[in-house]
Amino acid sequence: MELDVVERELHGARALVMADLVAGDVAEAEIVSLVEDAVTHRRWWVQQWPEGVSFVTGLIAQDVQDALLERYGRWPLCPVCTEDGPHALEVEPELGPDPHWVCTKATVSVAPVGGLAAVLRR
């Protein structure tokens, strides 16, 4: 696979995840470092499995979400369910193209990865 394609996908994924972090007002320097770590890891991953290049956006979003959970707590919080207590959205498909943030409690797609601003800033 051409390096240009891999880098374009990785940079696009970084931009989409960063947009969601900004929308949730959590794009602090330490958290941006988590995004960079995820991109670095997935760069290696896609070099090992080039056919997975279209999956990197969802994987980077999941990597950042997991790292945030370990250090800061759940993110992004579901804007749909307001009565059951706070819970995080999940990325679906777990391994596939066109990833979305979904609420598994309400079984609804909330936004594509990179599109949280449309639902969080109402």
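Residues numbered from 1 in each chain as written. Predicted model: local features only at pLDDT ≥ 70, side-chain atom pairs only at ≥ 80, totals over all residues. Heavy atoms only, no water.

## What to know about the pattern of salt bridges
Going through the model one piece at a time under the given rule, you end up with 3 salt bridges. In this structure, Arg 43 engages Glu 7 in a salt bridge whose closest nitrogen and oxygen atoms are separated by 2.7 Å. Taken together, the positions of Arg 43 in helix H2 (residues 29–48) and Glu 7 in helix H1 (residues 3–23) put the pair 36 residues apart, joining distant regions of the chain. Of the charged contacts, one joins Asp 63 and Arg 42 as a salt bridge, the two residues approaching to 2.7 Å between their closest N and O atoms. Residue Asp 63 is located in helix H3 (residues 56–71), and its partner Arg 42 is located in helix H2; the two are separated by 21 residues in the primary sequence. Residue Asp 63 shares its accessibility class with Arg 42, and that shared class is buried. (Salt bridge = Lys/Arg side-chain N within 4 Å of Asp/Glu carboxyl O. Helix = DSSP H or I, 4+ residues; strand = E, 2+ residues; numbered from the N terminus. Buried < 20%, exposed > 50% of the residue type's maximum accessible area, 1.4 Å probe, protein only.)

## Some details on the nonpolar core
Generally speaking, soluble globular proteins have nonpolar side chains that are buried together. Within the largest apolar cluster, 35 residues are counted, with the highest numbers of intra-cluster contacts made by Val 17, Leu 21, Ile 60, Val 64, Trp 101 and Leu 116. Of all elements in the fold, only H1, H2, H3, strand E2 (100–103) and strand E3 (108–112) reach the threshold of two or more residues within this core. When neighbours within four sequence positions are excluded, Val 64 is seen to be in contact with Val 17, Leu 21, Leu 34, Val 35 and Ala 38. (Core = buried A, V, L, I, M, F, W, Y, C linked by side-chain atoms within 4.5 Å. Contact = heavy atoms within 4.5 Å.)

## A short note on unusual backbone geometry
With the exception of glycine, the majority of residues adopt a negative phi angle, and the majority of peptide bonds are in the trans configuration. Following Trp 75, the chain continues to Pro 76 via a peptide bond in cis, the omega torsion being -10°. Among the secondary structure elements, Pro 76 is positioned in the loop between H3 and strand E1 (90–92). Here the amide bond leading from Glu 92 into Pro 93 is cis, since omega sits at -5°, within 30 degrees of zero. Here Pro 93 shows up in the loop between E1 and E2. If you check the backbone angles, Asp 98 has positive phi at about 55° while not being a glycine.

## Let's talk about the pairing of E3
Taken together, the 4 bridges between E2 and E3 define a ladder with antiparallel strand orientation. In the sheet register, Cys 103 faces E3, and the bridge partner there is Val 108. Taking the residues that link successive antiparallel strands as the turn, the E2-E3 hairpin has 4 residues, and the phi of Thr 107 there is positive, at about 45°. (Pairing = 2+ DSSP bridges.)

## Describing the state of the cysteines
Should the sulfur atoms of two cysteines be covalently bonded, the bond is a disulfide. A full pass over the atoms with the stated rule returns 0 disulfides. Cysteine Cys 81 shares no disulfide, and the gap to the nearest cysteine sulfur, in Cys 103, comes to 3.5 Å. Look at Cys 81 and you get buried, because its relative accessible area is 16%. (Disulfide = S-S within 2.5 Å.)

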